[in-house]
Amino acid sequence: MVDFDNIGKLMHLPLADIEPGEQFSASEFIITAAADAVLQSNGRNWIPILVKEIGDYQYQVVSNHFVYAVAQQAELERVWCIVIQPEPKSIEQARILAREVTPKVNLSTASRDTILAALRYLIAEPDGTLKGVDAIVAANRIAAADRKNWSGFSPITTLKCGITKGKKLDALAKVFFLSPPAAPTPPPEVISIKQASREEIFSRISYLSTNKISGFEEVDVEKAADIIFTASKGKWKSLNPISKLECAIDTAKIKTLKTVFSL
């Protein structure tokens, strides 16, 4: 059972209590030389291993696998570790920061500058397959394309940007993924402001606030719902009196309120 009190702590753990994570390989010379360096520094690994807790006093490496391999080579009894949250996103972040994996960006929504930076990274790789591609031209044409419904990278080959089918197109998967933006939440049904419950008023103002419609993100939803619900609305002939209730809904926002409230 995970002890959440340990998360974020620097701990001096027995190496025998730590299981390896994903397979890791490195030059035998590099690992051996690094192990000697650790032993010459009183056997302390100044860069900690990142682990997750998998049981009582049992841990597994999630990042800095090189340090773990060096500790094994040096036959250390204890190693310095940081325990992190076991959630996949936390582990992925740790591996990205340790440069064990390359971060990826969502091409469905990425800005032109982000696309350009990613393409320049691929082009600069020593054995990169995108050498010869004009990063600026490619970034401009990809950014201008309607990408929100792409299910793959193939449409890029029709943009005449130097990225063709095969290895060049496949290389994009190293830095990009595709995840179309979520469809906007449909607006709630229009309801009578006079008959609406406090919850119904709250949910509709919350919808306007969450979607940042007409400045409603600046409205205190809880306060506005309370004030409108408790107001005497029997003689209202329009929604205009709401602008006088001191709930940060001015006359300019009344028109937007009409999309979710009636009398």
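Here the structure is shown first, and the text comes after it.
The structure presented is a predicted model; accordingly, all values stated were derived computationally and were not measured.

A look at the nonpolar core
- Grouped together as the largest cluster of nonpolar side chains are 25 residues, with contacts concentrated most on Leu119, Leu130, Ile156, Ile163, Leu172 and Phe176.
- Elements with a contribution of two residues or more to this core: helix H4 (112-124), helix H5 (135-144) and helix H6 (167-171).
- Among the elements that take part in this core, H4 stands out by supplying six residues, more than any other.
- Not counting chain neighbours up to four residues away, the residues in contact with Phe176 comprise Lys104, Val105, Leu107, Ile115, Ala118, Leu119 and Phe153.
- In this structure, Ile191, Leu208, Phe216 and Cys247 belong to the second largest nonpolar core, which totals 23 residues.

Let's talk about unusual backbone geometry
- The residue Asn42 is not glycine, and still its phi comes out positive at about 60°.
- Among the residues examined, Asn42 registers a relative accessible area of 78% and is labelled exposed.
- Of note in the backbone geometry, Glu246 takes a positive phi value of approximately 55° without being a glycine.
- You can see Glu246 is positioned in the loop between helix H8 (221-230) and helix H9 (251-257).
- Owing to a relative accessible area of 69%, Glu246 belongs among the exposed residues under this scheme.

A short note on the pairing of strand E3 (residues 49-55)
- Counting buried positions along E3 gives five out of seven residues, so the element sits mostly inside the fold.
- With three bridges connecting them, E3 and strand E5 (residues 78-83) associate as parallel partners. Its bridge partner lying in E5, Val51 is registered against Val83.
- Where E3 meets strand E4 (residues 58-63), five bridges bridge the pair, whose relative direction is antiparallel. Note on E4: the bridge partner recorded for Gly55 is Gln58.

Thoughts on the environment of Lys167
- When you line up the elements, Lys167 lands in helix H6.
- Distance from Lys167 to Lys253, taken between C-alpha atoms, is 53 Å for residues 86 residues apart in sequence.

Considerations on the sheet that holds strand E2 (residues 18-19)
- Within the open sheet, the five strands sit side by side as E1-E5-E3-E4-E2. Their pairing is mixed. The sheet is open, and its two borders are formed by strand E1 (10-14) and E2, each paired with just one other strand.
- Pairing of E1 with E5 involves five bridges; the strand directions are antiparallel. The partner of His12 across the bridge, within E5, is Trp80.
- Across the sheet, helix H2 (residues 65-74) is in contact with E2, E3, E4 and E5; its angle to E4 comes to roughly 125°.
- Each of E3 and E4 touches helix H3 (residues 88-97); the most contacted strand, E4, lies at about 50° to it.

So, how was this worked out
- Residues numbered from 1 in each chain as written.
- Predicted model: local features only at pLDDT ≥ 70, side-chain atom pairs only at ≥ 80, totals over all residues.
- Heavy atoms only, no water.
- Core = buried A, V, L, I, M, F, W, Y, C linked by side-chain atoms within 4.5 Å.
- Buried < 20%, exposed > 50% of the residue type's maximum accessible area, 1.4 Å probe, protein only.
- Helix = DSSP H or I, 4+ residues; strand = E, 2+ residues; numbered from the N terminus.
- Contact = heavy atoms within 4.5 Å.
- Pairing = 2+ DSSP bridges.
- Axes fitted to C-alpha atoms, helices over the stretch in contact; angles between N-to-C directions.

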